[in-house]
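Chain and residue survey
Given next are the chains, with one letter for each unit.
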There are 2 protein chains.
Amino acid sequence: MIGQRYTKTRKNIFKALSNSKKPITAQEIFNSLKNNDEKINLASIYRNLDLMEKSDLISVILFGEGKKRFELKEENSHHHHFFCENCGDIEDIKMNEDKILANIKKTKFLIKEHKLEFFGLCPDCQ
Amino acid sequence: MIGQRYTKTRKNIFKALSNSKKPITAQEIFNSLKNNDEKINLASIYRNLDLMEKSDLISVILFGEGKKRFELKEENSHHHHFFCENCGDIEDIKMNEDKILANIKKTKFLIKEHKLEFFGLCPDCQ
DNA sequence: AGTATTATTGCAAATAATTCGCAATAAATC
DNA sequence: GATTTATTGCGAATTATTTGCAATAATACT
Ligand SMILES: [Mn+2]
Ligand SMILES: [Mn+2]
Ligand SMILES: [Zn+2]
Ligand SMILES: [Zn+2]
């Protein structure tokens, strides 16, 4: 668990992330709870998302939209995404990593570009 | 060439991108020219970067820093990047795509995570 | 159960990146 | 050199995200 206290806010953010089939933004989490009677402040959502990322409970997904998207990390759920440049549709791409580049071309998506970025520690920082 | 006029501003943005060995931000382009006597307005830099991206002359690189990075696309220069989570160091990762995931582990970098995102058109949008 | 401790929240204001409107400027054309 | 209009500079607006601080509530402790 993140932090030290299991608050209503955290339960609700988890719920919002669980309910979504695609990575969602902080604002979308906010909107989904706005209806749900339990209203959470947007700043608190950001603070919790930060903590959840640091605790490795969620992944941050970037599509260059000018905002971050978040999704829960679950067991054996490692995957990538397809982002439609036209409508913003997001689809999970889950397959053998070694074959991923070969296989992606067989899908129903028209692939125009892909970005693979690595994160970690450089020699100086290890 | 982008747009229709070959302006001093465009020459200078190209020059700044060429001179950099790593993807740079709009602000970094601005700073590099601020010294260089020829001062360009930041908004013009953004406008030109947009055009250059649409003309496929540059790539936009995202590391989740909250800002975009740009680099020139050159012939046979397709590659990915390594981003140090600690110091922000950026290194090019250029290798056979099929073997990329196997090979990345042999480098001097400590890989903690990687993101591979696809861009293109979904079935509805093709 | 009541009290104390302090992590967490709400709220409003601050930042930072990026975008936009519009009049002034300058590259290309005539 | 005059004309046309793409491009620029400037300032203001927008949007995502962050931050300070006092109020609140989750847990620990009588
Ligand atoms: Mn996903
Ligand atoms: Mn590069
Ligand atoms: Zn689409
Ligand atoms: Zn480093």
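This report concerns the structure included in the present document.

What counts and how
Residues numbered from 1 in each chain as written. Chains lettered and ligands numbered in written order. Predicted model: local features only at pLDDT ≥ 70, side-chain atom pairs only at ≥ 80, totals over all residues. Heavy atoms only, no water. Least-squares fit on C-alpha atoms with pLDDT ≥ 70 in both. Contact = heavy atoms within 4.5 Å. Near = heavy atom within 4 Å. Polar contact = N/O pair within 3.5 Å; in protein donor to acceptor, adjacent residues only side chain to side chain. Helix = DSSP H or I, 4+ residues; strand = E, 2+ residues; numbered from the N terminus. Nonpolar A, V, L, I, M, F, W, Y, C, P; charged D, E, K, R; others polar. Donors = N, O, S within 2.8 Å, 3.2 Å for Na, K, Ca; no water. Tetrahedral: all angles 85-135°; square planar, octahedral: opposite > 155°, others 65-115°. Buried < 20%, exposed > 50% of the residue type's maximum accessible area, 1.4 Å probe, protein only. Axes fitted to C-alpha atoms, helices over the stretch in contact; angles between N-to-C directions. Parallel < 35°, antiparallel > 145°, perpendicular 65-115°, else oblique. Phe/Tyr/Trp six-rings, centres within 6.5 Å; stacked < 30°, edge-to-face > 60°. Lys NZ or Arg CZ within 6 Å of the ring centre and 35° of its normal.

The next thing to look at is the relation of the copies chain B and chain A. Of the transformation superimposing chain B on chain A, the axial component is 0.0 Å and the angular component is 180 degrees, with the fit at an RMSD of 0.0 Å. The operation mapping one copy onto its partner corresponds to a two-fold rotation axis. Measuring from the rotation axis to each C-alpha of chain B, the shortest distance belongs to Leu116(B), at 1.9 Å. A symmetric contact is evident, with 100% of the interface residues of chain B recurring at the interface of chain A.

Here we take up the protein's contact with DNA strand D. Around DNA strand D sit 23 residues in total, of which Tyr46(A), Gln4(B), Thr9(B), Arg10(B) and Arg47(B) are the nearest. Expressed as a percentage, the sugar and phosphate content of the atoms of DNA strand D within 4 Å of the protein is 64%. At 2.3 Å, a side-chain N or O of Tyr46(A) approaches a phosphate oxygen of DNA strand D. Side-chain polar atom of Arg47(B) to a base nitrogen of DNA strand D: 2.8 Å apart, as the coordinates give it. The set of elements that each furnish at least two residues to the surface near DNA strand D consists of helix 3 (42-54) of chain A together with helix 1 (8-19) and helix 3 (42-54) of chain B. Residue classes in the surface near DNA strand D are distributed as five nonpolar, nine polar and nine charged.

A word on the coordination of the zinc ion (ligand 3). Bound to the zinc ion (ligand 3) are the protein donor atoms Cys84(A) (SG), Cys87(A) (SG), Cys122(B) (SG) and Cys125(B) (SG), situated 2.2 to 2.3 Å from the metal. Around the zinc ion (ligand 3), the four donor atoms are arranged such that angles at the metal cover 106 to 112 degrees; this shape is classified as tetrahedral. Highlighted residues: Cys87(A) in the loop between strand 3 (80-84) and strand 4 (90-93) and Cys122(B) in the segment after strand 5 (110-121), drawn from two different chains. Since its relative accessible area comes to 45%, Cys87(A) is described here as partly exposed.

Looking now at the coordination of the zinc ion (ligand 4). Looking at the zinc ion (ligand 4), the protein donor atoms are Cys122(A) (SG), Cys125(A) (SG), Cys84(B) (SG) and Cys87(B) (SG), and they sit 2.2 to 2.3 Å from it. One can describe the donor arrangement at the zinc ion (ligand 4) as tetrahedral, given that its four donor atoms subtend angles of 105 to 114 degrees at the metal.

Attention now moves to the protein's contact with DNA strand C. Every one of the 25 residues lining DNA strand C counts as a neighbour, but Gln4(A), Thr9(A), Arg10(A), Arg47(A) and Tyr46(B) are closest to it. Considering the 4 Å shell around the protein, atoms of DNA strand C inside it are sugar or phosphate in 66% of instances. With respect to DNA strand C, the side chain of Asn48(A) contributes an N or O atom lying 3.1 Å from a phosphate oxygen. Take Arg47(B): an N or O atom from its side chain is 3.3 Å from a base oxygen of DNA strand C. The set of elements that each furnish at least two residues to the surface near DNA strand C consists of helix 1 (8-19) and helix 3 of chain A together with helix 3 of chain B. If one sorts the elements of the surface near DNA strand C by residue count, helix 3 of chain B sits on top with five residues.

Right, let's get into the packing of helix 1 of chain A against helix 2 (residues 26-35) of chain A. All names here are of chain A. One way to put it is that helix 1 packs onto helix 2 with a least axis distance of 10 Å and a crossing angle of 105 degrees. Here helix 1 is positioned roughly perpendicular relative to helix 2, judged by the angle of their axes. For the pair helix 1 and helix 2, contact is made by Asn12, Ile13, Ala16 and Leu17 and by Ile29, Ser32 and Leu33, respectively. Each residue belonging to the contact of helix 1 with helix 2 can be placed in one class, and the counts come to five nonpolar, two polar and no charged.

Attention shifts here to the packing of aromatic side chains. The final tally for this structure, using the stated rule, is eight aromatic pairs over all chains. Ring plane angle 80 degrees and centroid distance 6.3 Å describe the contact between Phe63(A) and Phe119(B), whose orientation is recorded as edge-to-face. With Phe63(A) in the loop between strand 1 (58-62) and strand 2 (68-72) and Phe119(B) in strand 5, this pair bridges two chains. The two residues Phe63(A) and Phe119(B) agree in class, both being buried. Considering the side-chain rings of Phe63(B) and Phe83(B), the 4.5 Å spacing of their centres and the 10 degrees angle between planes classify their relative orientation as stacked. Residue Phe63(B) is found in the loop between strand 1 (58-61) and strand 2 (69-72), and its partner Phe83(B) is found in strand 3 (residues 80-84); the two are separated by 20 residues along the sequence. Here the aromatic cluster, defined as three or more aromatic residues joined through ring pairs, consists of Phe63(A), Phe83(A) and Phe119(B). Lying across the ring of Phe119(B), Lys115(A) places its NZ or CZ 5.6 Å from the centre.

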